[in-house]
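Read off the chains here:
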Amino acid sequence: MGDIEVVKDISVVPEVHFLEQVLERIAQGELRVPKFQRPFLWRPEQMLQLFDSMERGYPMGSLLIWETPMPLESLDTIGGRSIPPAPEGAKVAYVLDGHQRLSTLFGVLHRSADAPRSARQEDWMWWVYRPLVRSEHDGVRYRHWKSGETVPSHLLPMRSVLGTLDFLEYARMLSDDHSREEADRLTKESERIAKRVKNYKVSVVRMEGGTLQQAIEVFSRINSSGQKMRPDQMVSALTYGTIGSETTLSDEMEEIKGRVAASGFGEIPIMTIFQTVLALSGEEDVQRDTSWETMARKVQDQLTAAVKDTDLILQQVVEFLQEEVRVPLARLVPYNIQIMLLAVFFHFSDKVEAEQRVKLRNWFWTTSLAGTFAGSTTTQVRKFIKEMKAFARGEGGLSYSGERARSFPERFDLRSARVRAYLLWDLQTFPERKNPDGGTANVLEQLATAHSETYRHVITQSRVPGASSPANRIVMTTPAGVSIRQALIRLAEDGRTDILDSHGVSLASIEHLKVDEFTEFILARQHELAAKERQFIESLGIKSADKEAGEADIDTE
C-alpha cells in the first residue's frame, strides 16, 4: 500500500450541491464508489422511503466524498448502471459515506428507457413510480412496478423527471391517454414532483488529501452505525490493497466460499471463513466486535498468506468432515466454530497422526452433542484456539472428557446444534431409506435444497402432544394422495419390514397408528430412536443424558 500513499493532512470542506449535479458526476465517471465499500444492500421499501423523504423536503444526510489524485480501484456499476472511466485529467472523487443512497437515486433517476422490466426483483426494484392520483397512493407516495406489463400512464416514472426530453414524452403520453382537463391536472402534479427533485439540495462533505489508509479508517468509523457493516466487510475495507490492487479480502473470501460449495459440501458462512483467515494469520481474538482498526493493523501483513492457507486448509477440513466424521453438508455442522477450529488444527500440525484424527472425531461428536460451543464468549473462543494449537503441535490434549450429551431433542429445529447432531447420527444409522415403490430416497440431495421439508411429518396435526419431535419425522416419498401415516400402515400390513427398518420404524409403534393413538406412536418411536442413539453416544465414550428427551436449544451461530 505504501506505493500509492500520499503524506498529506486531510482537509475537510463542507458544501451544498443540487442532487442533479451529484448524479451527473456519477454518470460522467467523476464520482465513483471504491471497491472496499460493501455491496448495495438496501431493501425495496428503503428505496421508496428515500424518495418519499425527498419529496417532503427532509434532509437525506450528508455525503462524504474523498478527492484524491491517486488511482483507486472502484466499482464499474452503480445502481445497476454501467459507469464510464473517469475523463482524462478530471478530478475524481470517491464516495466514503452515501453509497446506498446514491446507488438508489442514480439507479432510479438515471434508469435507461430500455432497461429490463420483469417480475424479478433485480429488475423491478429500480423502476420507481409516483402515483399522480391521490387515491392511488393513500399515504404511500411511491411504489415499484413489479411486472413487465404496461404501466398505467398516471404513474409517473421517476426516471423521467431529470431528463427534459423524457419528461416531455411522458407529458405527451398523458395528453394521449386522458381528457385535456385531466391531462393538465396530472401534468401539473408531475411538474411539481420533478421540480422537487431538481431543486433538492444535498449536503456534501468533501475531504481532500491524506493517505488511503486514513480515508479508509474515516469510512470504517462512519459506517459503524446505520447500515452496519459485518466485521469481515470492515476488515476487508481497512486492509484494502493488502492482498492485491485488484482484489479485496471480501472478494477472496467469496472465492473460497464458492470453491467449497462447488465441492458438494455446500456454502460455509462468510463469517466462518473470515474467522478462519484471522486464526490462521496468528490472531486468537477472532470474535471481537470493536476496534477493528486495531485488528486490521495487526493482521494486514499476514493476510495474503492467511487467505491462501485458508483456501487450502478448508479443503482438508471438508475432506475430514465428509470422510471421517461423515458430515455430508455444511448446513448440518452443529457449530461453525468447529470448522474454524479444525482449520486451526490442520494448519498448525506438522504431521497429523492417526490417533489425533480419532480424537478429533470424538471431539467433534462430543462438542456437538454436549452443546460445548453454545453462546461462546470471546474469552472462551480464544481459549479453544489456544488449546487446538497446542493439540496440533502435540503439546496438549482436547478438554472434552467428562462432557455429557444433551437429551434426545423434543423439537425438530435445524437452528439447534443438538438437532443437527441427531440428523448426522440419523443419516449414518439409516443410510438407505426406501420409498413404498422400492426406490431409494436421495436424502442428501433433498437436504441440500429443502432443509426441514425433507423430513416429513407422520402426524400432521400440530396440537398433538409430541408432534414437533424428530420422532414424528420421516424421509419418504409417497404416491399422490397417500400420507406418510397411511403409507406406514400399508407397509406394515403388507409385511414390508425392510422398508420400515430403513426408516427406523418398528411394527410395534405402527400398532398405535392403526388405532389413531398418535402421541403413543411418537413416544414409542422416540424411545426406540433415543435408545439407538444412546448406544452410539456411549460407544464414543461420551456420557449419555440423565433423561431420555429434553428441550432443543436454539444455539447455532
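These figures come from a predicted structure and were not determined experimentally.

J.: Would you explain the overall build of the chain in this entry?
T.: Scanning the chain from N- to C-terminus turns up 22 helices and 14 strands. Classification of the 557 residues of the chain by burial places 52% in the buried group. The contacts in the chain between residues at least 6 apart in sequence include a share of 74% that link residues at least 24 apart. On the chain, roughly 25800 Å² of surface is accessible, and the fraction owed to carbon and sulfur atoms is 47%.

J.: Help me understand the packing of helix α19 (residues 484-493) against helix α21 (residues 507-514), please; the structure alone is not making it clear to me.
T.: Axes are the key here: two packed helices are described by the angle between their axes and the distance separating the axes. Across the interface, α19 lies against α21 with an axial gap of 10 Å and an inter-helix angle of 120°. Relative to α21, α19 is oriented oblique. Considering how the two elements wind past one another, α19 and α21 form a crossing that is left-handed. Contacts between α19 and α21 involve Arg485, Leu488, Ile489, Ala492 and Glu493 from the first element and Leu507, Ile510, Leu513 and Lys514 from the second. Of the residues contributing to the contact of α19 with α21, the split by class is 6 nonpolar, no polar and 3 charged.

J.: Can you help me understand the pairing of strand β6 (residues 93-97) in this one?
T.: When a strand is regular, its side chains alternate between the sheet's two faces. With 5 of its 5 residues buried, β6 lies for the most part within the structure. Across 2 bridges, strand β2 (residues 31-32) lies against β6 in parallel orientation. Following the sheet pairing, Leu31 is matched in β6 by Ala93. In this sheet, β6 lies alongside strand β3 (residues 63-67) in antiparallel orientation, the contact comprising 4 bridges. Bridging across to β6, Ile65 finds its partner in Val95.

J.: How do you make sense of the packing of helix α13 (residues 303-325) against helix α15 (residues 354-370) when you look at a structure like this?
T.: At a closest axis distance of 11 Å, the pairing of α13 and α15 adopts a crossing angle of 85°. It follows that α13 is roughly perpendicular to α15 by the angle criterion. Facing Phe320, Leu321, Glu324 and Val325 of α13, the residues of α15 in contact are Arg357, Leu360, Arg361, Phe364 and Trp365. Of the residues assigned to the contact of α13 with α15, the class counts are 6 nonpolar, no polar and 3 charged.

J.: Help me out: how do you make sense of unusual backbone geometry in this one?
T.: Residues other than glycine predominantly adopt negative phi, and peptide bonds predominantly adopt the trans conformation. Backbone geometry places Arg326, a non-glycine residue, at a positive phi of 65°. The residue Arg326 is located in the loop between α13 and α14 (336-348) in this model. Notably, Asp516 is not glycine yet its phi reads approximately 60°, a positive angle. Mapped onto the secondary structure, Asp516 falls in the loop between α21 and α22 (518-539).

J.: What's the story with the environment of Ala279 in this structure? I'm lost.
T.: For Ala279, the position within the fold is in helix α11 (residues 270-280). In this structure the C-alpha to C-alpha distance between Ala279 and Ala343, which are 64 residues apart in sequence, comes to 8.6 Å. Discounting chain neighbours no more than four positions away, the residues touching Ala279 are Val286, Met340, Val344 and Phe348.

J.: What is the right way to read the packing of aromatic side chains from this model?
T.: The relation between two aromatic rings is expressed through the spacing of the ring centres and the mutual angle of the planes. One pass over the full model with this rule turns up 14 aromatic pairs. Aromatic pair Tyr335 and Phe373: ring centres 5.8 Å apart, planes at 80°, arrangement edge-to-face. Taken together, the residues Tyr335 in the loop between α13 and α14 and Phe373 in the loop between α15 and α16 (378-392) connect sequence positions 38 residues apart. Looking at Tyr335, the relative accessible area reads 0%, which means it is buried. You can call Phe373 buried: its relative accessible area is 6%. Measuring from ring centre to ring centre gives 6.0 Å for Trp363 and Phe373, while their planes differ by 65°; the resulting arrangement is edge-to-face. Taken together, the positions of Trp363 in helix α15 and Phe373 in the loop between α15 and α16 put the pair 10 residues apart, joining distant regions of the chain.

J.: Teacher, can you tell me more about the sheet that holds strand β10 (residues 201-208) here?
T.: Adjacent strands of a sheet pair through backbone hydrogen bonds, lying either parallel or antiparallel. Strand order in the open sheet made by the 5 strands is β1-β10-β3-β6-β2, with mixed pairing throughout. Edge positions in the sheet fall to β1 (11-18) and β2, since each of these pairs with one other strand and no more. Along the sheet face, helix α3 (residues 99-109) touches β2, β3 and β6 and points at about 120° away from the line of β6.

J.: Quick question: what am I supposed to make of α13 here?
T.: Since the α-helix turns once every 3.6 residues, residues separated by three or four places project in the same direction. Those residues of α13 not exposed but buried are Leu303, Ala306, Val307, Thr310, Asp311, Ile313, Leu314, Val317, Val318, Phe320, Leu321 and Val325. Phi turns positive one or two residues past the end of α13, at Arg326, with a value near 65°.

J.: What should I look at first to understand the nonpolar core in this one?
T.: Across soluble globular proteins, nonpolar side chains show a tendency to be buried alongside one another. Counting residues in hydrophobic clusters, the biggest one holds 103 residues, and the most contacted among them are Leu321, Trp363 and Leu488. Counting 44 residues, the second-largest nonpolar core is a separate cluster that includes Leu19, Met54, Ala93 and Tyr200.

J.: Any chance you could explain the confidence of the model for the chain here in plain terms?
T.: As a general rule, the predicted coordinates of low-pLDDT regions are not to be interpreted in detail. For the chain, the average pLDDT comes to 88, and 89% of its residues sit at 70 or higher. A low-confidence stretch, residues 1-7 stays under pLDDT 50, and its non-local contacts, those more than four residues away or across chains, total 16 contacts.

Conventions we followed
Per-chain numbering applies: the sequence of each chain, read as written, is numbered from 1 onward. It should be noted that, the model being predicted, local features are given only for residues of pLDDT at least 70 and side-chain atom pairs only at 80 or more, the latter also being counted only at that level, while totals for whole chains, interfaces and linings use all residues. Values reported for side chains reflect all heavy atoms of the structure, with hydrogen atoms and water molecules removed beforehand. What counts as a helix is a DSSP run of H or I of at least four residues, what counts as a strand is a run of E of at least two, and both are numbered from the N terminus. In this scheme, a residue with accessible area under 20% of its type's maximum is buried, one over 50% is exposed, and one in between is partly exposed, where area comes from a 1.4 Å probe on protein chains only. Working rule for contacts: check all heavy atoms of both residues, and any pair within 4.5 Å makes them a contact. Per-residue accessibility takes into account occlusion by the displayed protein chains alone, with areas from the Shrake-Rupley method and a 1.4 Å probe. To obtain each axis, a line is fitted to C-alpha atoms, and for helices this fit is confined to the stretch in contact; angles are then taken between N-to-C directions over 0 to 180 degrees. The cut-offs work like this: below 35 degrees is roughly parallel, past 145 is roughly antiparallel, 65 to 115 is roughly perpendicular, and the gaps in between are oblique. Crossing handedness is defined as follows: a turn of the near helix away from the far one that is anticlockwise and smaller than a right angle gives a left-handed crossing, while the clockwise case is right-handed. For this scheme, ten residues count as nonpolar: Ala, Val, Leu, Ile, Met, Phe, Trp, Tyr, Cys and Pro. Four count as charged, namely Asp, Glu, Lys and Arg, and the remainder, Gly too, count as polar. Pairing between two strands requires that DSSP report at least two bridges joining them. Stacked, edge-to-face and tilted are the three classes for Phe, Tyr and Trp ring pairs, Trp counted by its six-membered ring, which pair at centre distances within 6.5 Å; planes under 30 degrees apart are stacked, over 60 edge-to-face, the rest tilted. In this description, a nonpolar core means a group of buried Ala, Val, Leu, Ile, Met, Phe, Trp, Tyr and Cys residues linked to one another through side-chain atoms lying within 4.5 Å. Known as pLDDT, the predictor's confidence for each residue is given on a scale from 0 to 100.

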